[in-house]
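Observations on the model geometry
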Amino acid sequence: MGEPPAAANNHVVQVHHGALSEGSARDTNYLAAIVATVPGLIERQRPDLILYQAGMDPHDGAGISPAAFAVRDAYVFALARSRGIPVAWVWPGAMPP
């Protein structure tokens, strides 16, 4: 997280795709935002570890396909691996009932 204030290290990216119909156009817009944001964020923050919390967005009615989320996850993991950064990830489906 770096030095205080921690709020300066809290990065929220809002992807605006409400005008796009659900499907490939919305998926492409979402993935383009990920590709445009995540590498620069990693370069600026230079983390020793990435705590990857992903998976809540499918539940918010965003209309992003499960395939696009799989691409997102693979991209983030590959990016971390290419930089030698370990990733800690909790799969939402692995949580006990």
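Position numbers for residues start from 1 in each chain and track the written sequence from start to end. Given that this is a predicted model, residues contribute local features only at a pLDDT of at least 70 and side-chain atom pairs are listed and counted only at 80 or more, while totals for whole chains, interfaces and linings are drawn from all residues. Excluded from the side-chain calculations are hydrogens and water; all other atoms, namely the structure's heavy atoms, are used.

**Observations regarding helix α2 (residues 66-82)**
Rule in force here: Under the DSSP-based scheme used, a helix requires at least four consecutive residues in state H or I and a strand at least two consecutive residues in state E, with every element numbered from the N terminus. Helix span is expected to be 1.5 Å times the residue number reduced by one. Only protein chains enter the accessibility calculation, which uses a 1.4 Å probe; a residue is then buried when its area is under 20% of its type maximum, exposed when over 50%, and partly exposed in between. It is the directions from the helix axis to the C-beta atoms whose arc is reported. Note on definitions: a residue-residue contact is assigned when non-hydrogen atoms from the two residues lie within 4.5 Å.
Counted at 1.5 Å a residue, the expected span for α2 with its 17 residues is 24 Å, and the 24 Å between its end C-alpha atoms agrees. Those residues of α2 that fall on the buried side of the exposure criterion are A68, F69, R72, D73, V76, L79 and A80. Angularly, the buried residues of α2 cover 140 degrees about the axis, an arc narrow enough to put them on a single face. Exposed residues on α2 whose side chains face more than 90 degrees from its buried face are P66, A67, R81 and S82. Considering only its buried residues, α2 is in contact with α1 (24-45), β1 (50-52) and β2 (87-89). Just beyond α2, the residue with positive phi is G84, at close to 70 degrees.

**What about the nonpolar core?**
Rules: Residues enter a nonpolar core if they are buried and are Ala, Val, Leu, Ile, Met, Phe, Trp, Tyr or Cys, with the set joined through side-chain atoms within 4.5 Å.
Grouped together as the largest cluster of nonpolar side chains are 15 residues, with contacts concentrated most on Y30, V38, I42, I50, Y52, I64 and I85. Among the elements that line this core, the one with the most residues is α2, at 5 residues.

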